[in-house]
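Here's the letter readout for the chains.
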Amino acid sequence: MLRQQFTEQLDHDPDFQWRGAQVTRIENLSDIVFALAFSMMVTASNTPFTFDGIKTHLVSLAPISVAFAFMLGTWNRHFLFFRRYGLADNRIVWLNALLLLTVLSIALPMRFIFESLFAWILTLFGYLEAMNRIGVQSYRQAGEIIAYFGVIYAVLNVIQAQMYAHALHKSDVLQLNHLERAHTRSAIWTSRIDVVIGLITAVVAYCTIAGPFAGFFINLAAIANWAVNRKLVIPARSQSA
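Since the structure is predicted, the reported quantities are computational estimates derived from the model, not experimental observations.

Asker: Can you explain the overall build of the chain? Please cite residues and give values.
Answerer: Across its full length, the chain carries 9 helices and 0 strands. Its helices and strands taken in sequence order, the chain reads α-α-α-α-α-α-α-α-α from the N to the C terminus. For the chain, contacts bridging at least 24 residues in sequence account for 79% of all contacts bridging at least 6. For the chain, the accessible surface area stands at approximately 13,600 Å², while carbon and sulfur atoms represent 66% of it.

Asker: Run through unusual backbone geometry, naming residues and quoting values.
Answerer: Positive phi values are uncommon outside glycine, yet Gln-175 reaches one of about 60°. With respect to the element layout, Gln-175 can be found in the loop between helix H7 (171-174) and helix H8 (178-207).

Asker: Quick one: what's the story with the pattern of salt bridges, residue by residue and with numbers?
Answerer: For the coordinates displayed, the defined rule picks out 6 salt bridges. A salt bridge links Arg-19 to Glu-180, with the nearest nitrogen and oxygen atoms 2.9 Å apart. Here Arg-19, found in the loop between helix H1 (2-9) and helix H2 (25-43), pairs with Glu-180, found in helix H8; they are 161 residues apart in sequence, far enough to count as distant. Here Glu-115 ties to Arg-111 by a salt bridge, and the two come within 3.3 Å at their closest N and O atoms. With a gap of 4 residues between them, Glu-115 and Arg-111 both fall in helix H4 (residues 90-123), about one helical turn apart. The class for Glu-115 is buried, based on a relative accessible area of 13%.

Asker: Describe the side chain of Arg-84, listing the residues and the values that go with them.
Answerer: As for its position among the elements, Arg-84 is in helix H3 (residues 51-85). Judged by relative accessible area, Arg-84 falls into the buried class, the value being 9%. Ignoring any residue separated from it by four or fewer positions in sequence, one finds Arg-84 in contact with Asp-13, Phe-16, Gln-17, Trp-18, Arg-19 and His-183.

Asker: Provide a residue-level description of empty space enclosed by the protein, including the pertinent values.
Answerer: According to the stated counting rule, one finds 2 cavities of 30 Å³ or more in the structure shown. Counted as a void, the largest cavity has a volume near 40 Å³. In this structure, the largest cavity is lined by Arg-77, His-78, Phe-81, Leu-99, Gln-160, Met-163 and Tyr-164. Of all the secondary structure elements, the ones that give two or more residues to the lining of the largest cavity are H3 and helix H6 (139-169). Taken together, the residues of the lining of the largest cavity break down into 4 nonpolar, 2 polar and 1 charged. Considering only enclosed or pocket space, the second largest cavity measures out at about 30 Å³ in volume. In terms of lining, the second largest cavity is formed by Ser-116, Leu-117, Trp-120, Ala-142, Ile-145, Ile-146 and Pro-212. Residue assignment for the lining of the second largest cavity shows that the elements contributing at least two residues are H4 and H6.

Asker: Can you lay out the nonpolar core for me, pointing to particular residues and giving the numbers?
Answerer: Counting 41 residues, the largest nonpolar core has Met-71, Phe-81, Tyr-85, Met-110, Phe-149 and Met-163 as its most contacted members. The set of elements that each furnish at least two residues to this core consists of H2, H3, H4, H6, H8 and helix H9 (220-240). It is H4 that contributes the most residues to this core, 10 residues altogether. Each residue touching Met-71, except ones within four places of it in the same chain, is listed here: Phe-34, Ala-37, Phe-38, Met-41, Val-103, Ile-106 and Ala-107. By size, the runner-up hydrophobic cluster in this structure holds 6 residues, among which are Ile-146, Ala-147, Ala-202 and Ala-214.

Asker: So what about the side chain of His-166? Which residues, and what values?
Answerer: Note on placement: His-166 falls in helix H6. Judged by relative accessible area, which is 9%, His-166 ranks as buried. Every residue in contact with His-166, bar those within four places of it in the chain, is listed here: Leu-87, Asp-89, Arg-91 and Ile-92.

Asker: Lay out the packing of aromatic side chains in plain terms, naming residues and giving numbers.
Answerer: Aromatic ring pairs are defined here through the distance separating the ring centres and the angle between the ring planes. Within this structure, the stated rule accounts for 13 aromatic pairs. Between Phe-81 and Phe-82, the aromatic rings sit 5.3 Å apart at their centres with planes inclined by 80°, giving edge-to-face as the arrangement. For Phe-81, a relative accessible area of 1% puts it in the buried group. Connected via pairs of aromatic rings, a cluster forms that spans Phe-16, Phe-81, Phe-82, Tyr-85 and Tyr-164. For Arg-192, the ring lying beneath its charged end belongs to Trp-189, and the centroid distance is 5.2 Å.

Reading the values: rules and limits
Residues numbered from 1 in each chain as written. Predicted model: local features only at pLDDT ≥ 70, side-chain atom pairs only at ≥ 80, totals over all residues. Heavy atoms only, no water. Helix = DSSP H or I, 4+ residues; strand = E, 2+ residues; numbered from the N terminus. Contact = heavy atoms within 4.5 Å. Areas by Shrake-Rupley, 256 points an atom, 1.4 Å probe, with all protein chains shown as cover. Salt bridge = Lys/Arg side-chain N within 4 Å of Asp/Glu carboxyl O. Buried < 20%, exposed > 50% of the residue type's maximum accessible area, 1.4 Å probe, protein only. 1 Å grid on protein atoms, 1.4 Å probe; cavity = no way out; pocket = protein on both sides within 12 Å on 5 of 7 lines; lining within 4 Å. Points joined across faces, edges and corners; volume = space filled by probe spheres on them. Nonpolar A, V, L, I, M, F, W, Y, C, P; charged D, E, K, R; others polar. Core = buried A, V, L, I, M, F, W, Y, C linked by side-chain atoms within 4.5 Å. Phe/Tyr/Trp six-rings, centres within 6.5 Å; stacked < 30°, edge-to-face > 60°. Lys NZ or Arg CZ within 6 Å of the ring centre and 35° of its normal.

Take a look at the structure:
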């Protein structure tokens, strides 16, 4: 009871009634998998025992932090989904299992992707040994790495779009109000647009001379998220006021 009162007072999702009051076994398993993924990204390298090893480790903290933040964003969307809707039917179980499999599969590749991107940025400032250290020898290979990231980004958003679409399908059962349905539609369309952005990034990075520069297309996701929220959520909030 006391926990529920604190949750209501400190609610960081004021437009949504949280229906997932109890932590389910699905979420417990999911948190374990995400924790393993975080650990794999941070502790993948060998323990440094030399001065050069310490320097390399410290330099790698920058790309590791970006990869960690990316995975944390995925976890946060997962957390919000189960807090908002509290769904645990068969479709969500299987979609969540697919999401967890993807998260575990991409943990180490994500670290390598961001390390290679960071190394490529360093080469623009003349530090050519950074690319050689991780085995990326050409501009073409750097472009392929960004293409892999675009595909990973698209796959994650395909799964999340399906989860939110299922929640919208269950909106009557969940008794979602007008504003909550708008938020759900916003999440669906944001994820779908992110799928397209990820695939465009992959195609441009792999098939054109843009190569690793195509990674900057991912920044369009923030603009798309803002536009979708203005189109769907803000009008719904004004109607609910």
